[in-house]
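Observations on the model geometry
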Amino acid sequence: MSEKDFHIETKKFKNNLLLKRKQFIIDVSHPEDANISKKELQKKLANVYKIPDPSTIFLFGFKTHFGGLKSTGLGFIYESLKAARQIEPRYRLMRNGLIEITKGSSKQRKERKNRSKKVRGVEKKKIKSGK
């Protein structure tokens, strides 16, 4: 696979000290390709901003402009993985590969849900966790 030719431009770059992250809007121009994968964008942003761990970069909300050639999305660069795990929602952590959720079959989930309806308090937490 050859090196894809694309250009990154960030705007509205803001350092959010309260959430321990840098947040920005990212414009990607990709004249030869339909879209660029988020993993490639993470690697390039890590090189540009000299970030040792690309998994602290979260990219989402990309919209391709009419006619292609350019996409716009949002990005967060967290100071550490710990800060990212505390703040980011679970589905974004799953997308980045930081957590893995194992689901049982749908019947098992429904049975667990109905068992948890019958109890209250501490027992309910035990049932929901699957113990």
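Just so it is clear, the structure is predicted and the values come from calculations on it, not from any experiment. (Residues numbered from 1 in each chain as written. Predicted model: local features only at pLDDT ≥ 70, side-chain atom pairs only at ≥ 80, totals over all residues. Heavy atoms only, no water.)

Counting 13 residues, the largest nonpolar core has Leu 41, Leu 45 and Ile 57 as the members making the most contacts within it. Mapped by element, the contributors of at least two residues to this core are β2 (21–29), α1 (38–48) and β3 (57–64). (Core = buried A, V, L, I, M, F, W, Y, C linked by side-chain atoms within 4.5 Å. Buried < 20%, exposed > 50% of the residue type's maximum accessible area, 1.4 Å probe, protein only. Helix = DSSP H or I, 4+ residues; strand = E, 2+ residues; numbered from the N terminus.)

This next bit is on the packing of aromatic side chains. Scanning the entire structure with this criterion turns up six aromatic pairs. Following the ring pairs from residue to residue traces out a cluster consisting of Phe 58, Phe 60, Phe 76 and Tyr 78. Directly above the aromatic system of Phe 76 lies the positively charged group of Arg 21, at a separation of 3.7 Å from the ring centroid. In this structure, Arg 92 packs its charged tip against the face of Phe 60, placed 3.8 Å from the ring centre. (Phe/Tyr/Trp six-rings, centres within 6.5 Å; stacked < 30°, edge-to-face > 60°. Lys NZ or Arg CZ within 6 Å of the ring centre and 35° of its normal.)

The subject of this paragraph is the pairing of strand β1 (residues 7–16). For a regular strand, the rule is simple: side chains alternate between the two faces of the sheet. Relative to β2, β1 is paired through eight bridges, and the arrangement is antiparallel. Note that in β2 the partner of Ile 8 across the bridge is Val 28. If you look at the hairpin formed by β1 and β2, you'll find four residues sitting between the two strands, and Lys 20 has a positive phi there, around 55 degrees. (Pairing = 2+ DSSP bridges.)

With that settled, the discussion passes to the environment of Asp 5. Relative to the helices and strands, Asp 5 resides in the segment before β1. With near-sequence residues (within four places) excluded, Asp 5 lies in contact with His 30, Pro 31 and Glu 32. (Contact = heavy atoms within 4.5 Å.)

Our next topic: a nonpolar patch on the surface. Taken together, Phe 13, Val 48 and Tyr 49 make up a surface patch of nonpolar side chains, about 260 Å² in accessible area. Note on placement: Tyr 49 falls in the loop between α1 and β3. (Patch = residues over 30% accessible without salt bridge, like charges linked within 9 Å, V, L, I, M, F, W, Y side chains within 5 Å. Areas by Shrake-Rupley, 256 points an atom, 1.4 Å probe, with all protein chains shown as cover. Salt bridge = Lys/Arg side-chain N within 4 Å of Asp/Glu carboxyl O.)

On inspection of all chains with the given rule, the structure shows three salt bridges. Between Asp 27 and Lys 11 there is a salt bridge, with its nearest N and O atoms 3.3 Å apart. Pair noted here: Asp 27 is in strand β2 and Lys 11 is in strand β1, with a separation of 16 residues, a long-range link. Overall, the relative accessible area of 39% leaves Lys 11 in the partly exposed class.

With respect to the element layout, Ser 116 can be found in helix α4 (residues 106–117). Residue Ser 116 is classed as buried on the basis of its relative accessible area of 5%.

Here we take up a positive patch on the surface. Among the surface-exposed residues, Lys 103, Arg 109, Lys 110, Lys 113 and Lys 117 lie close enough to one another that they form a single positively charged patch. Structurally, Lys 110 is set in helix α4. (Lys, Arg positive; Asp, Glu negative; His and termini not counted. Charge placed at Lys NZ, Arg CZ, Asp CG, Glu CD.)

So, on to the packing of α4 against helix α5 (residues 122–129). Running from N to C, α4 and α5 point in directions that differ by 175 degrees, and their axes come no closer than 9 Å. By the angle between their directions, the pair α4 and α5 is classed as roughly antiparallel. Taken together, the residues of α5 that come into contact with α4 (itself represented by Arg 112, Arg 115 and Ser 116) are Lys 124, Ile 127 and Lys 128. (Axes fitted to C-alpha atoms, helices over the stretch in contact; angles between N-to-C directions. Parallel < 35°, antiparallel > 145°, perpendicular 65-115°, else oblique.)

These results come straight from atomic positions and should not be treated as a statement about function.
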